Amino acid sequence: RRREQEAKDSDMRRRLVEHNILAGHGSSAVRVDAKRRARSEAAERRELFMDYQHVTAQQDKARRTQIAAFEEHLAEELARRKAEQLRQDMDKRRICDGSEELRALKE
């Protein structure tokens, strides 16, 4: 009778240990899936951030290039206007210096 009880207890312990092991496998699989999912999401976030940085850098470069072109065009236009003004001033001076009537009026 006692041996039967010990056998039953032993069998129950063995089943309990087996059950605990199998339950542990299930919870472990859940943790592994959660970690795998978290790692995948982190990699996706890193990739999106790198894409964002790349696009932002390209936009910044294009903006700087466009600003430089505008500044160059503005500088050329200002130089052209200044040269035109100098030509007009020189023409006026030449006309004034060459005109007898204006010289007579100055005196």
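Once a new chain begins, its residue numbering starts again from 1 and follows that chain's sequence as written. Under the rules for a predicted model, residues below a pLDDT of 70 receive no local features and side-chain atom pairs below 80 are neither given nor counted, while totals for whole chains, interfaces and linings still include all residues. As a rule here, side-chain values cover all heavy atoms of the structure and leave hydrogens and water aside.

K.L.:
Please explain the overall build of the protein chain as it appears in this structure.
P.N.:
Helix numbering and strand numbering both begin at the N terminus, where a helix is a DSSP run of H or I of at least 4 residues and a strand a DSSP run of E of at least 2. A count of helices and strands for the protein chain gives 2 helices and 0 strands. A radius of gyration in this sense is built from C-alpha atoms; the matching globule rule multiplies 2.2 Å by the number of residues raised to 0.38. For the protein chain, the C-alpha radius of gyration of 45 Å lies well beyond 13 Å, the compact-globule estimate for 107 residues. In terms of overall dimensions, the protein chain has a C-alpha envelope of 150 × 20 × 5 Å along the principal axes. For the protein chain, the computed accessible surface area is about 10500 Å², with 56% contributed by carbon and sulfur atoms. Think of it this way: Lys and Arg go in the positive column, Asp and Glu in the negative one, and His and the chain ends go nowhere. A charged residue contributes its charge at one atom only: NZ of Lys, CZ of Arg, CG of Asp or CD of Glu. Computed over 26 positive and 22 negative side-chain charges, the inter-centroid distance for the protein chain is 13 Å. Note on areas: Shrake-Rupley with a 1.4 Å probe; residue coverage comes only from the protein chains shown.

K.L.:
I keep staring at the pattern of salt bridges and nothing clicks. Help me out?
P.N.:
One side chain can pair with another of opposite charge once the charged atoms of both are near each other. Definition used for salt bridges: Asp or Glu carboxyl oxygen within 4 Å of a side-chain nitrogen of Lys or Arg. Enumeration over the complete set of coordinates arrives at 11 salt bridges. Close ionic contact of R14 with D11 constitutes a salt bridge, the shortest N to O distance being 2.5 Å. Separated by 3 residues within a single helix, R14 and D11 lie in helix 1 (residues 2-98), roughly one turn from each other. Burial classes follow relative accessibility: with a 1.4 Å probe on protein chains only, a residue under 20% of its type's maximum area counts as buried, one over 50% as exposed, and anything between as partly exposed. When its relative accessible area of 46% is taken as the criterion, R14 is described as partly exposed. Of the charged contacts in the structure, one is a salt bridge between R87 and E84, with a shortest N-O distance of 3.1 Å.

K.L.:
Looking at this structure, I do not really get the environment of D60. What am I missing?
P.N.:
Relative to the elements of secondary structure, D60 occurs in helix 1. Since its relative accessible area comes to 25%, D60 is described here as partly exposed. When the C-alpha atoms of D60 and A43 are compared, they prove to be 25 Å apart, with 17 residues separating the residues in sequence. Contacts described as polar in this section are N or O atom pairs within 3.5 Å, which, within protein, must combine one atom able to donate a hydrogen with one able to accept it, while residues neighboring in sequence count only if both atoms come from side chains. Of the polar contacts made by the side chain of D60, one reaches the side chain of R64; its length is 2.4 Å.

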